[in-house]
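Understanding the architecture of this molecule
The lines below spell out each chain.
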Amino acid sequence: MNIDNRRISTGNTGLDLVLRGGLPASRLFLVEGMPGSGKTTLALQFLLDGLKAGEKVLYITLSETSEELNVVAHSHGWSLEGVNLFELASAEDVLGVGRDQSILHSWEMELGGTIQLIRDEVEKIKPKRIVFDSLSELRLLAQDPLRYRRQLLFLKQFFAGLDTTVLLVDDLTGGSGVRDNHLHSLCHGVITLERLTLEFGAARRRMQIQKMRGVDFVAGYHDLIIRKGGIDIFPRLIASDHHTPFEGEALPSGIEELDALLNGGPARGTSTLITGPAGSGKTTLALQYLDAACARSEHAVIYEFDERIGTMISRAKAFGIDLQARMDAGFLTIKQMDPAEIAPGQFAAMIREEVETRKAKVVMIDSLNGYMAAMPQEQQLVLQLHELLSYLNQAGIVTFLINPQQGFFGTMQTHGLNVSYVADIVILLRFFESEGRIRKAISIVKNRSGQHEDTIREFRVDTQGVRVGAPLAEFRGVLTGTPEYTGAKTPLMEDRG
């Protein structure tokens with residue numbers, strides 16, 4: 001017995017990756033989802049890919065007119081020239097306008113006539129790819145569930161005798177809108193598209209493979225967006241699939257005292273969480289490491305959720321870090337992120353592109369508050385962030401996460417979730433008061449990658465750049481935010497001329 005193991009492209013790169021190679025050829029598949037989830041766009045991509053390969057393709061529409069399909073295609077910059085459109089928009093095409101006056105059950109005649117017209121058209125064109133849109137219209141014509149299922153079985157047997165790959169589209173509006181388990185069992189594979197409306201921001205879309213016989217697909221939900229040019233599907237990130245051998249040497253900052261805190265700097269393949277109150281210098285500290293990496297001709301990328309890029313560039317330049325020069329030299333990329341518009345899977349795909357295509361070595365996410373705003377559910381935030389950091393770690397990337405804390409002095413809390421356990425290194429910045437001045441302290445809370453100083457040092461950011469002073473040995477309670485000076489001589493840094 002010869003088994004046909006051929007695979008064909010869906011016309012969508014992301015979906016092909018989820019399927020690990022495309023759809024099994026000459027089979028019957030179901031694409032289901034509520035209106036607006038992207039079914040028609042995905043179906044057109046499937047047919048246009050076949051047309052590009054020189055195949056005959058057929059779009060059978062019972063729900064949309066050819067004009068409506070051309071409007072959809074035009075919105076994506078596509079032409080449907082060469083695509084055979086078979087339109088059955090109304091029952092008049094089958095029976096004529098006088099059908100309602102018949103004493104016979106008109107729905108029996110409508111359904112039988114529709115199926116026969118479809119069969120005749122398929123036999124005439126002999127297409128390699130067919131889209132049948134939509135099953136809800138066929139369900140409406142049948143009215144009786146048993147008759148509807150019999151006709152579906154007839155269609156499956158009819159298509160099985162042809163070397164044709166068929167997509168059945170179901171908008172789930174017929175009947176109760178509940179998924180038809182009988183229909184699922186009838187099809188070789190089921191692709192489900194979903195559209196989620198959040199309380200604020202753009203609607204989110206996602207897809208999953210409900211089943212695919214004989215295919216080791218990537219299970220779970222995958223984010224997608226609809227843009228001009230089609231649908232972009234972002235396969236769920238699986239860190240274990242992306243291990244890259246690398247040397248775990250330290251990433252120095254160029255500041256001797258700062259590097260001493262981490263025994264040379266964060267090791268490659270680690271993530272560093274920089275936490276502290278607003279204005280304590282978290283972003284500037286991370287930029288020091290990125291600037292040093294760019295100076296060594298390494299590519300770095302910043303994903304800026306909170307601050308405007310122009311403001312960041314101006315502020316960094318005042319501290320002696322010229323981000324614009326690094327960008328002009330091609331060593332730094334800064335991307336302005338809108339948490340209300342970007343899906344988590346899309347963000348992960350953007351990072352993968354920088355790492356795998358542009359060979360980025362250092363990644364900075366500023367801040368986790370903005371990243372969390374892109375996630376509607378907190379549990380998903382932890383899982384996706386953990387998988388994203390695992391991916392970056394296995395690729396040998398040094399990652400910096402900026403994590404603001406609420407408050408300025410005394411007991412402070414992290415807004416949202418505590419993700420400090422996810423990071424390999426935690427750097428804590430604090431304010432404290434001394435001699436009527438507000439000062440800052442820096443300490444390393446943990447370092448999984450190696451040794452680190454357990455001292456608390458003064459930290460300062462001014463026109464001379466980032467500076468780290470001597471250990472605050474004569475202070476007590478610096479980490480509490482309410483230190484007590486116990487020495488006779490100040491150990492603090494003063495302005496240098």
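Our structure is the block above this text.
All residue numbers refer to position in the chain's written sequence, counted from 1. The model is predicted, so local features are restricted to residues of pLDDT at least 70 and side-chain atom pairs to those at 80 or more, both for listing and for counting; the totals for chains, interfaces and linings are taken over all residues. Water and hydrogen atoms play no part in the side-chain values, which are based on all heavy atoms of the structure.

Description of the packing of helix α10 (residues 282-295) against helix α11 (residues 309-318)
Quick reminder of the rule: Between N-to-C directions, angles span 0 to 180 degrees; the directions come from axes that are lines fitted to C-alpha atoms, helices contributing only their stretch in contact. In this text, helices come from DSSP runs of H or I with a minimum length of four residues, and strands from runs of E with a minimum of two, each type numbered from the N-terminal end. By the definition adopted for this analysis, an angle is roughly parallel if under 35 degrees, roughly antiparallel if over 145, roughly perpendicular if from 65 to 115, and oblique otherwise. Any two residues whose heavy atoms approach within 4.5 Å at even a single point are treated as in contact. Residues were grouped as follows: Ala, Val, Leu, Ile, Met, Phe, Trp, Tyr, Cys and Pro as nonpolar; Asp, Glu, Lys and Arg as charged; and all remaining residues, including Gly, as polar.
The contact between α10 and α11 brings their axes to 11 Å, and the two run at 75°. The angle between the axes of α10 and α11 places the two elements in the roughly perpendicular class. Residue-level inspection shows T283, T284 and L287 of α10 in contact with α11, the latter providing M312, R315 and A316. For the contact of α10 with α11, the per-class residue count stands at three nonpolar, two polar and one charged.

Looking at the pairing of strand β9 (residues 204-212)
Selection rule: The buried label applies to any residue whose accessible area, calculated with a 1.4 Å probe on protein chains only, is under 20% of its type's maximum; exposed applies above 50%, and partly exposed to all values in between. Only when DSSP finds a minimum of two bridges between them are two strands counted as paired.
Counting buried positions along β9 yields seven of nine residues, so the element is predominantly enclosed. Judged from the eight bridges that link them, strand β8 (residues 189-196) and β9 form a sheet pairing that is antiparallel. Its bridge partner lying in β9, L193 is registered against M207. Pairing analysis gives three bridges linking β9 to strand β10 (residues 222-227), with the strands arranged antiparallel. Considered in β10, the bridge of R206 is made with D223.

Thoughts on empty space enclosed by the protein
Formally: Space inside and on the surface of the protein is sampled on a 1 Å grid over the protein atoms alone, with a cavity defined as a set of points where a 1.4 Å probe fits but cannot get out and a pocket as an open set with protein on both sides within 12 Å along at least 5 of 7 lines; lining residues have an atom within 4 Å of a point. Grid points are joined across faces, edges and corners, and a volume is the space filled by probe spheres set on the points.
The full count for this structure, using the stated rule, is two cavities of 30 Å³ or more. Volume-wise, the second largest cavity comes out at about 40 Å³. Surrounding the second largest cavity, T10, L15, L23, V31, L42, F46, L167 and I191 form its lining. Its residues assigned to classes, the lining of the second largest cavity comprises seven nonpolar, one polar and no charged.

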